[in-house]
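Letter by letter, the chains look like this.
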Amino acid sequence: MRISEFTDGKAEARFRTTYERALTQLWPGQRSPLDIPTGFGTTRVQRTGPAHGQPVVLLPGSGGNALMWHAYVERLAEHHPVIAVDTVGEPGASVQTAPIKDGHDAADWLEELLRALDVPAAHVVGCSYGGWIALHHQLRHPGRTTSLTLVDPAGLADVGRRFYTWIILGGLAALAPRPLRPRLAKALGNSALLETELMTLMRASTGFRRRLPPATTLDDADLARLSAPALFLLGERSALHDARAVAERLHRLAPAARTEIVPGAGHSLTTDAPAAVLDGILGMAAQQAR
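Quick caveat, the model's predicted, so the values are computed rather than measured.

How should the side chain of Q138 be read in this particular structure?
Looking at the element boundaries, Q138 is found in helix 4 (residues 129-140). Assessed through its relative accessible area of 2%, Q138 is described here as buried. Contact partners of Q138, with chain neighbours within four places excluded, come to T145, L148, R225, L226, S227 and A228.

How do you make sense of the nonpolar core when you look at a structure like this?
One recurring pattern in soluble globular proteins is that nonpolar side chains are buried together. Of all hydrophobic cores here, the largest spans 48 residues; its most connected members are L59, W109 and F232. It is helix 4 that provides the largest number of residues to this core, a total of six residues. Look past the residues within four positions of W109 in its chain and what remains in contact with it is T38, F40, T43, L59, V85, T87, V88 and I133. Within the second largest apolar cluster, 40 residues are counted, among which are A22, A204, L231 and L278.

Even after reading the chapter, I still don't get the packing of helix 1 (residues 9-26) against helix 7 (residues 196-204), so can you show me in this structure?
In the contact formed by helix 1 and helix 7, the axes pass within 9 Å of each other and the chain directions differ by 165°. Judged by the inter-axis angle, helix 1 sits roughly antiparallel to helix 7. Both helix 1 and helix 7 take part in a crossing whose hand is left-handed. Together, R14, F15, T18, Y19, Q25 and L26 of helix 1 and E197, L198, T200, L201 and A204 of helix 7 make up the contact between the two elements. Of the residues that constitute the contact of helix 1 with helix 7, the class distribution is six nonpolar, three polar and two charged.

How should unusual backbone geometry be read in this particular structure?
Most peptide bonds are trans, and most residues other than glycine sit at a negative phi. Despite not being glycine, S128 shows a phi value in the positive range, around 55°. Within the secondary structure layout, S128 lies in the loop between strand 7 (122-127) and helix 4. Judged by its relative accessible area of 10%, S128 falls in the buried class. Within the chain, D152 stands out as a residue other than glycine whose phi angle is a positive 40°. The topology assignment puts D152 in the loop between strand 8 (145-151) and helix 5 (161-174).

Definitions and cut-offs
- The written sequence of each chain sets the order in which its residues are numbered from 1.
- Totals for whole chains, interfaces and linings use every residue, but because this is a predicted model, local features are given only for residues with pLDDT of at least 70 and side-chain atom pairs only at 80 or more, for both listing and counting.
- The side-chain figures draw on all heavy atoms in the structure; neither hydrogens nor water molecules are used.
- We count a stretch as a helix when DSSP gives it H or I for four or more residues in a row; a strand needs E for two or more, and each element gets its number in order from the N terminus.
- Accessibility here uses a 1.4 Å probe with only protein chains present; expressed as a share of the type maximum, an area under 20% marks a residue as buried, one over 50% as exposed, and anything in between as partly exposed.
- In this description, contact between two residues means that some pair of their heavy atoms is separated by no more than 4.5 Å.
- As used in this record, nonpolar core signifies buried Ala, Val, Leu, Ile, Met, Phe, Trp, Tyr and Cys residues forming a set joined through side-chain atoms within 4.5 Å.
- For every element, the axis is a line fit to its C-alpha atoms; helices are fit only across the contacting stretch, and the angle between N-to-C directions ranges from 0 to 180 degrees.
- For classification, angles of less than 35 degrees are called roughly parallel, those exceeding 145 degrees roughly antiparallel, those between 65 and 115 degrees roughly perpendicular, and all remaining angles oblique.
- Note on convention: near helix rotated counterclockwise from far helix by under a right angle means a left-handed crossing. Clockwise means right-handed.
- For this classification, the nonpolar set comprises Ala, Val, Leu, Ile, Met, Phe, Trp, Tyr, Cys and Pro, the charged set comprises Asp, Glu, Lys and Arg, and every other residue, Gly included, is treated as polar.

In structure tokens:
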């Protein structure tokens, strides 16, 4: 299996320049970048907030990196150490050196990372594909994660044509002139298109070849084994899955988990309803800190 990488040195240099510029423009306050070696490659994380306490670990969605959380880190860091991760195999500052074949490998990568960072316990937040990784990690390495906030996570239902259409149209809309994007964002239900700097970064990542496994659906037995307190935030209008059907499945299989369907929000939940996402993260993290 191949690894994720840039097509050539020019594409990589263009992306890294754009990424560093976006970090400088968007990241609030101080941050400490760290490069952590793992068996799957070197992982870049951004640390911010107090030095002590149980950290909040932020995992981005597919095609994203630590910057997708830029609007959240300042508030989160008021109360908790924050570790925002560039997932190995996604376009960011991490460098993949070995294939990630499935959810078990992804979970092992995250476990290696948290161990190397000397994080014995954490509140893990995963958006979309990052939520799928967080779920696999909790199932494969129980105990490291004290609680979870999962933001419209992948892996709870089979993905249909609607989602792939949404992804393709969103990618095309990101290439449209800036004045057109508000109209396209409304038509597609994709508020992420309004994040100008992140759309610039996404265009710069077109020379990156992502080779991560698909977010396969977790089976009933897996969800029944979920042991950490978990909050599932689902977009009412998500293109990824039928939010109500997913909520019913979780209620049946993981009754200890909390599920909230966010009215009017789509799969771009972090930009559609940032207040609901922030409140959910802070609430879950505070429960475990008591």
